[in-house]
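Examination of the molecular architecture
Listed here are the chains, written in short residue letters.
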Amino acid sequence: MFPIMQTDRLMLREIKPTDEEVIFNIFSNAQVTQFYGLERFTNRKQATDLISHFQTIFNQKRGIRWAIELVADQTVIGTIGFNNWTTIHHRAEIGYELL
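Each value, and the rule that gives it
- Residues numbered from 1 in each chain as written.
- Predicted model: local features only at pLDDT ≥ 70, side-chain atom pairs only at ≥ 80, totals over all residues.
- Heavy atoms only, no water.
- Phe/Tyr/Trp six-rings, centres within 6.5 Å; stacked < 30°, edge-to-face > 60°.
- Helix = DSSP H or I, 4+ residues; strand = E, 2+ residues; numbered from the N terminus.
- Contact = heavy atoms within 4.5 Å.
- Core = buried A, V, L, I, M, F, W, Y, C linked by side-chain atoms within 4.5 Å.
- Buried < 20%, exposed > 50% of the residue type's maximum accessible area, 1.4 Å probe, protein only.

1. Some words on the packing of aromatic side chains
Overall, the coordinates contain six aromatic pairs when judged by the stated rule. Aromatic ring contacts, followed pair by pair, group F2, F58, W66, F82 and W85 into a single cluster.

This is how it looks when you write it as structure tokens:
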């Protein structure tokens, strides 16, 4: 089961295929990807592939990525999560991006 966290203002929830447009908007933004180590997205299939990747790393227990959503209007403003999760070494990389 995918963990959901919520405050009065924000919800961290699973990134779903229906988030493809906002994921594309985030990762096609030059300011977002400037220091990300990823080329700026140029087509929506890249967003679909990234969402699938997020689902795969969660299912394989190698990472987790949440959508950062405003509770008031359900607008996704970014993502946050753990990458390269290595449970044996108790380590992971933290990453996020915001529009």
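2. A look at the environment of I26
With respect to the helices, strands and loops of the structure, I26 is situated in helix α1 (residues 20-27). In this structure, the C-alpha to C-alpha distance between I26 and T87, residues 61 residues apart in sequence, is 29 Å. Apart from residues no more than four positions distant in its own chain, I26 is found in contact with V32, G78, T79, E97 and L99.

3. Side note on the nonpolar core
Residues I15, I23, I26, F27, F41 and L50 are the most contacted members of the largest nonpolar core, which totals 14 residues. Of all the elements in the fold, those that place two or more residues in this core are α1 and α3 (44-59). If we skip the residues at most four places from it in the chain, L50 touches I23, F27 and F41. Ranked by size, the runner-up nonpolar core spans five residues in total, among them F2, L12, I64 and I68.

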